[in-house]
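So the chains spell out like this:
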Amino acid sequence: MMAARVALCFLLRASADGPEVLLGRKKRGFGLGKIVGLGGHLEEGESAAEAAARELFEEAGVTLVEGAMRPAGTVDFRFPARPEWDMECSMFTCTRWTGEIAESEEIEPAWYPASALPLTDMWQDADHWLPVVLSGVASDFLVVMAEDNETVAKFSVKGAGQD
Ligand SMILES: Nc1[nH]c(=O)nc2c1ncn2[C@H]1C[C@H](O)[C@@H](COP(=O)(O)OP(=O)(O)OP(=O)(O)O)O1
């Protein structure tokens, strides 16, 4: 089965205590209750960057400043026990946007220190790849979930990219 294509964008801002990242608690759909990156599925004819920008507007009410999105690598999420959940995820970071961050029906956004991510409330694979992404290193990751679709059976870095 072909993996669905999804895109995430991590908004970053500076604080006195170091960089912070915008994540959100999922209020419905896939990963309900978990804290996740903002984003979602690509629509027909959309690029990953276009999808990420659309989803950030739909989920948090912000408009990304054109040209301010930086490609931040990919994650190949595989669920061998549920192959229909497989996702090929393109990631971006962005430090410039307009509009006030607002809660939506899908997600409750909040800022977290990059050095103190809410890992216990995230997918269990996130601690393998999110700190790397936030450090500015663009890599291509492979995450294979175990039979329970929650624990990580295998994690690898396919190759280091350019940032
Ligand atoms: N193992 C995993 N770890 C993780 O941190 N994020 C994962 C993951 N597997 C999938 N994801 C993310 C990627 C993707 O952005 C998200 C699912 O996409 P969506 O939020 O768009 O799904 P939904 O079905 O809830 O939404 P709609 O497309 O709005 O119906 O889950």
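Just so it is clear, the structure is predicted and the values come from calculations on it, not from any experiment.

Q: Requested: an account of the site of the ligand, with residues and values cited.
A: In the neighbourhood of the ligand, 17 residues make up the surrounding shell, with Gly-29, Phe-30, Gly-40, Phe-77 and Trp-123 lying closest. Put simply, the parts of the chain that give the shell around the ligand at least two residues each are β1 (4-15), β4 (38-41) and β7 (87-94). Of the residues assigned to the shell around the ligand, the class counts are 11 nonpolar, 5 polar and 1 charged.

Q: Could you give an account of the UniProt feature "domain: Nudix hydrolase" (unreviewed entry) in the protein chain, with specific residues and numbers?
A: In the UniProt entry, the feature "domain: Nudix hydrolase" (unreviewed entry) is given for residues 2-138. Between the C-alpha atoms that bound residues 2-138 there is a distance of 24 Å. The span itself is 16% helix and 41% strand.

Q: So what's going on with the pairing of β7? Which residues, and what values?
A: Extensive coverage of β7 is indicated by the burial of 6 of its 8 residues. Summarising the sheet, strand β6 (residues 69-78) and β7 pair through 7 bridges and their orientation is antiparallel. Among the inter-strand pairings, Phe-77 is bridged to a residue of β7, identified as Met-87.

Q: An account of the environment of Leu-32 is needed here, citing residue identities and associated values.
A: Along the chain, Leu-32 falls in the loop between β2 (18-26) and β3 (35-36). For the pair Leu-32 and Pro-80, spaced 48 residues apart in sequence, the C-alpha separation works out to 20 Å.

Conventions we followed
Residues numbered from 1 in each chain as written. Predicted model: local features only at pLDDT ≥ 70, side-chain atom pairs only at ≥ 80, totals over all residues. Near = placed C-beta within 6 Å. Helix = DSSP H or I, 4+ residues; strand = E, 2+ residues; numbered from the N terminus. Nonpolar A, V, L, I, M, F, W, Y, C, P; charged D, E, K, R; others polar. UniProt positions renumbered as here; feature names shortened; annotations may be inferred. Buried ≥ 20, exposed ≤ 12 C-beta atoms within 10 Å, placed from the backbone. Pairing = 2+ DSSP bridges.

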